[in-house]
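# Notes for the structure review
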Amino acid sequence: SAVISQKPSRDICQRGTSLTIQCQVDSQVTMMFWYRQQPGQSLTLIATANQGSEATYESGFVIDKFPISRPNLTFSTLTVSNMSPEDSSIYLCSVQDGTNYGYTFGSGTRLTVV
Amino acid sequence: LAKTTQPISMDSYEGQEVNITCSHNNIATNDYITWYQQFPSQGPRFIIQGYKTKVTNEVASLFIPADRKSSTLSLPRVSLSDTAVYYCLVGDIPSGGRRALTFGSGTRLQVQP
């Protein structure tokens, strides 16, 4: 199955700053997905990143706040911009594992905004 | 996408069998049922997937009745390390990984010594 390396694993940031989260996959994948998981909650899809085109954002998420890059088929970044305490969450990336139709997730980035 | 309903939480003891039931009354013909497990501070992990009847792997069994309006994830002889949140997802298998997963609220399983 696919292996995802997600960095950083955690960070504490000042409000008003930005943080860029990186996901590296050990195989080429068509789509990469970014999720947010607020404390004690389930996962919510932020956007879908397709190499060579603009990411597709879900309702409630905008590109200015969560810009995404997808420079090649194995790498993507999500930036959380102009952070506020409400952005404190775990952010995860995911890809489909072609071997068993399951999806593989990164270990997550635990973000705390102070 | 079919809406799923599962218990918010369950408690068990080590060595017991745990059954977590998920309701999905509006499941479509092309939909599969998939379960994921999430440990604290980790991303969700694929456990098992099925379409009908019973599926078993080294981790769990999945029971799906003929009407497919519900499913039961069975964890045999749980241990403390099975403490996690378990998510039931229903949807058709996307081709080429082009569709994201939609997660419900999940079931928080707490295993006691």
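Look above for the structure.
My aim in this report is to walk through the structure given alongside it, one point at a time. (Residues numbered from 1 in each chain as written. Chains lettered and ligands numbered in written order. Predicted model: local features only at pLDDT ≥ 70, side-chain atom pairs only at ≥ 80, totals over all residues. Heavy atoms only, no water.)

### A look at the overall build of chain B
Formally: Only DSSP runs of H or I with at least four residues qualify as helices, and only runs of E with at least two residues qualify as strands; both kinds are numbered from the N terminus onward. Every radius of gyration here is taken over C-alpha atoms, with the globule rule written as 2.2 Å times N^0.38, N being the number of residues. Any residue under 20% of the maximum accessible area for its type is buried, any over 50% is exposed, and the rest in between are partly exposed; the area is computed with a 1.4 Å probe on protein chains only. For the purpose of charge, His is not counted, nor are the chain termini; Lys and Arg are scored as positive and Asp and Glu as negative. Here the site of a charge means atom NZ of a Lys, CZ of an Arg, CG of an Asp or CD of a Glu.
On a plain count of helices and strands, chain B comes out with zero helices and nine strands. Counting helices and strands in the order they occur from the N terminus, chain B gives β-β-β-β-β-β-β-β-β. Taken against the 2.2 N^0.38 rule, which gives 13 Å for 113 residues, the C-alpha radius of gyration of chain B at 14 Å falls within 12% of a compact globule. When each of the 113 residues of chain B is scored for burial, the buried share is 46%. A gap of 8 Å separates the mean positions of the 10 positive and 8 negative side-chain charges of chain B.

### Remarks on the interface of chain B and chain A
Quick reminder of the rule: Every residue pair with non-hydrogen atoms within 4.5 Å of one another is taken to be in contact. Put simply, buried area is how much 1.4 Å-probe accessible surface two parts lose in total, over both of them, once they are put together. A 3.5 Å cut-off defines polar contacts: any pair of N or O atoms within that distance qualifies, except that in protein one atom must be a possible hydrogen donor and the other a possible acceptor, and neighbouring residues in sequence count only when both atoms are side-chain atoms. Three categories are distinguished: nonpolar for Ala, Val, Leu, Ile, Met, Phe, Trp, Tyr, Cys and Pro, charged for Asp, Glu, Lys and Arg, and polar for the others, with Gly belonging to the last.
Across the boundary between the two partners, chain B contributes 21 residues, which contact 20 residues of chain A. Both faces combined, the contact of chain B with chain A buries some 1,700 Å², and carbon together with sulfur accounts for 52% of it. Linking chain B to chain A there are five residue pairs in polar contact (both at pLDDT 80 or more). When contributions to the side of chain B that touches chain A are tallied by element, the ones reaching two or more residues are strand S3 (32–38) and strand S4 (45–50) of chain B. Its residues placed into classes, the side of chain B that touches chain A shows nine nonpolar, nine polar and three charged.

### Quick notes on the pairing of strand S2 (residues 18–23) of chain B
Regular strands show a simple pattern: their side chains alternate between the two faces of the sheet. Residues and elements named next belong to chain B. Keep this limit in mind: Criterion used throughout: strands pair if DSSP finds at least two bridges between them.
Along S2, the buried face is formed by Val18, Ile20 and Cys22; none of Asn19, Thr21 and Ser23, which line the opposite face, is buried. Pairing geometry for S2 and strand S7 (residues 70–75), over six bridges, is antiparallel. When the sheet's bridge partners are listed, Thr21 is paired in S7 with Thr72.

### What to know about the pattern of salt bridges
All names here are of chain A. Where we set the bar: Here, a salt bridge means any side-chain nitrogen of Lys or Arg that lies within 4 Å of a carboxyl oxygen of Asp or Glu.
Tallied over the full model, the rule gives one salt bridge over all chains. Between Asp87 and Lys65 there is a salt bridge whose closest N-O contact spans 2.6 Å. Of this pair, Asp87 sits in the loop between strand S8 (75–80) and strand S9 (89–96) while Lys65 sits in the loop between strand S6 (56–57) and strand S7 (68–72); the two residues are 22 residues apart in sequence, bridging distant segments of the chain.

### Looking at the sheet that holds S7 of chain B
All names here are of chain B. As a reminder, the rule being used: Lines fitted to the C-alpha atoms define the axes, with helices restricted to the stretch that makes contact. Angles between their N-to-C directions range from 0 to 180 degrees.
Pairing within the open sheet is antiparallel, and its four strands lie in the order S2-S7-S6-S5. The strands lining the two open edges of the sheet, one partner per strand, are S2 and strand S5 (53–56). For this sheet the average axis-to-axis angle between neighbouring strands, irrespective of direction, equals 15 degrees. One ladder, built from three bridges, connects strand S6 (residues 61–64) with S7; its direction is antiparallel. Within S7, the position partnered with Leu62 by the bridge is Leu73.

### Quick notes on the nonpolar core
Residue and element names in this part refer to chain A. Let me state the cut-off plainly: Take the buried residues of types Ala, Val, Leu, Ile, Met, Phe, Trp, Tyr and Cys, join any two whose side-chain atoms come within 4.5 Å, and each joined set is a nonpolar core.
Core analysis: the largest hydrophobic core is formed by 26 residues, its most contacted members being Trp34, Ile46, Phe66, Ile68, Leu78, Tyr91 and Leu111. Elements that contribute at least two residues to this core include exactly strand S3 (19–25), strand S4 (31–37), strand S5 (43–50), S8, S9 and strand S11 (109–113). The greatest single-element share of this core, amounting to four residues, is contributed by S3. When neighbours within four sequence positions are excluded, Leu78 is seen to be in contact with Leu19, Thr20, Ile21, Trp34, Ile46, Phe66, Pro67, Ile68 and Tyr91.

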